[in-house]
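Coordinate inspection notes
Each chain, written out:
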Amino acid sequence: MTLKFNEKNHPYVDLGAGYQICLQDDSCAHGPELEAKARQFINESPQSLTRGLEELRKLIAADPDLNVPIDNDWYLNVYLRAGFYDAHKALGILQANSKQKAKNPEYFAPIKALRHVYEEGVVWLLAERDVDGAPVIVVESGKRWNTSKVTVEEINSAVSALVGVLTQSEEAQLHGVKLLFDMDGLSMSHIMQFTPKSTAIMLNLIENCSSVRTVNTHTINAGMIYNMLYAIIKPLQSKRMREMMVIHGRNLSSLAKYINPKILPPRFGGTSKAPICQGRVFAELMMYYDEWLSKTLLPFGYTRKNSISS
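Residues numbered from 1 in each chain as written. Predicted model: local features only at pLDDT ≥ 70, side-chain atom pairs only at ≥ 80, totals over all residues. Heavy atoms only, no water.

1. A closer look at the overall build of the chain
When helices and strands are tallied, the chain shows 13 helices and ten strands. For the chain, whose C-alpha radius of gyration is 19 Å, the value lies close to the compact-globule estimate of 19 Å for 310 residues. Its C-alpha atoms put the chain at 50 × 45 × 35 Å along the principal axes. Within the span of the chain, comprising 310 residues, buried residues form 52% of the whole. For the chain, the proportion of contacts with a sequence separation of at least 24, taken over those separated by at least 6, is 77%. Carbon and sulfur atoms make up 53% of the accessible area of the chain, which totals about 13,800 Å². Counting 34 positive and 32 negative side-chain charges, the chain places the centres of these two groups 5 Å from one another. (Helix = DSSP H or I, 4+ residues; strand = E, 2+ residues; numbered from the N terminus. Rg over C-alpha atoms; globule rule 2.2 N^0.38 Å. Buried < 20%, exposed > 50% of the residue type's maximum accessible area, 1.4 Å probe, protein only. Contact = heavy atoms within 4.5 Å. Areas by Shrake-Rupley, 256 points an atom, 1.4 Å probe, with all protein chains shown as cover. Lys, Arg positive; Asp, Glu negative; His and termini not counted. Charge placed at Lys NZ, Arg CZ, Asp CG, Glu CD.)

Given below as structure tokens:
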């Protein structure tokens, strides 16, 4: 299991047995029919792109405290795709992301500050993408999470950084991402990390601030103790978030209704033969993008405190 580079000089983890994890791609591997359907779903067309860029630039210009690369088509199109080519929605995501970054910078740390999170195996990616093209991010919220080594803020920041890197994936931008929270081994020491503030920020990052659309979230192995955590989460959920969030118990058969079991490892009730990426190697893959993320996405946002008060 090693880090290699393909013919386009994109890094990837060679998992062996013909499986690999690559975080960037220039095209969709799931076929032209699914790609066309995805573009139609987010209202993408040459016309909507031209119109969306023009409208979004005007809206950004009307917010003088918002410092973003307004002439960078790729950057703006990331948010247009997340907003279904509605320039007002795209601006809303960009503004929400920027406000959160200014208020709570610890949730937008550079990858080099998060390396230990990936090495611990707390945040990782399934080797295979779902049948709808969406990559699946796994968050180990139970026994794999050592709270003395990794904080809840670092977990959320590690997810945000991974989503940021996935903006370089055409498939992720078109099909969105899915989040899978494994609560196996959840204990009181874990629940105590979730304050109303950190939980509210986590929900806001998923629903309103993500540069790649979140399709849905899944919580598995949620036993009785999870009810204590959900008591913190539930009052902070919007209607949309409740619709996005699917809670599964220990019977993982219901997960197969949302994520194809062929891409899920056996521990999640699936039949995939793909090896799970070692934390050390996945951290190496993420570290390759540290400088890119720090220069391309992290520096931009609001420049004045009065712009983030609301």
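2. Considerations on empty space enclosed by the protein
Summed over the entire model, instances satisfying the criterion amount to three cavities of 30 Å³ or more. When its volume is computed, the largest cavity comes out at roughly 350 Å³. Residue lining of the largest cavity: 27 residues in total, with Phe 108, Val 159, Ser 160, Ala 161 and Val 163 positioned closest to the centre. Where the lining of the largest cavity is concerned, the elements lending two or more residues are helix 4 (87–103), helix 6 (152–165), strand 7 (177–182) and helix 9 (196–207). Broken down by element, the lining of the largest cavity gets its largest block of residues, eight residues, from helix 6. Taken together, the residues of the lining of the largest cavity break down into 18 nonpolar, eight polar and one charged. Taken as a whole, the second largest cavity spans an internal volume of roughly 180 Å³. (1 Å grid on protein atoms, 1.4 Å probe; cavity = no way out; pocket = protein on both sides within 12 Å on 5 of 7 lines; lining within 4 Å. Points joined across faces, edges and corners; volume = space filled by probe spheres on them. Nonpolar A, V, L, I, M, F, W, Y, C, P; charged D, E, K, R; others polar.)

3. Details of the pairing of strand 1 (residues 2–5)
Pairing of strand 1 with strand 2 (residues 11–16) involves four bridges; the strand directions are antiparallel. Directly across from Phe 5, in strand 2, lies its bridge partner Pro 11. (Pairing = 2+ DSSP bridges.)

4. Side note on the pattern of salt bridges
Overall, the coordinates contain 22 salt bridges when judged by the stated rule. Between Asp 184 and Arg 250 there is a salt bridge, with the nearest N and O atoms lying 3.5 Å from each other. Linking Asp 184 in the loop between strand 7 and helix 8 (188–191) with Arg 250 in the loop between strand 9 (245–247) and helix 12 (279–287), this pair joins segments that are 66 residues apart in sequence. The partner of Glu 291 in a salt bridge is Lys 295, and the shortest N-O contact between them spans 2.7 Å. Of this pair, Glu 291 and Lys 295 both sit in helix 13 (residues 290–296), separated by four residues, roughly a single helical turn. A relative accessible area of 56% means that Lys 295 is categorised as exposed. Each of Glu 35, Arg 39, Glu 44, Arg 81 and Glu 170 takes part in one network of salt bridges that share partners. (Salt bridge = Lys/Arg side-chain N within 4 Å of Asp/Glu carboxyl O.)

5. Notes on the pairing of strand 2
Between strand 1 and strand 2, which follow one another and run antiparallel, lie five residues, and Asn 9 among them has a positive phi close to 65 degrees. As judged from the four bridges shared by strand 2 and strand 3 (residues 19–22), these two strands associate in the antiparallel manner. Looking at the pairing, Tyr 12 lines up with Cys 22 of strand 3. Taken together, strand 2 and the strand that follows it, strand 3, pair antiparallel across an intervening segment of two residues, in which Ala 17 is found at a positive phi of about 60 degrees.

6. Description of the UniProt feature "domain: CRAL-TRIO" (unreviewed entry) in the chain
If you check UniProt for "domain: CRAL-TRIO" (unreviewed entry), the listed places come out as residues 110–276 in our numbering. Helix and strand shares over residues 110–276 are 33% and 14% respectively, and the end C-alpha atoms of the span are 24 Å apart. (UniProt positions renumbered as here; feature names shortened; annotations may be inferred.)

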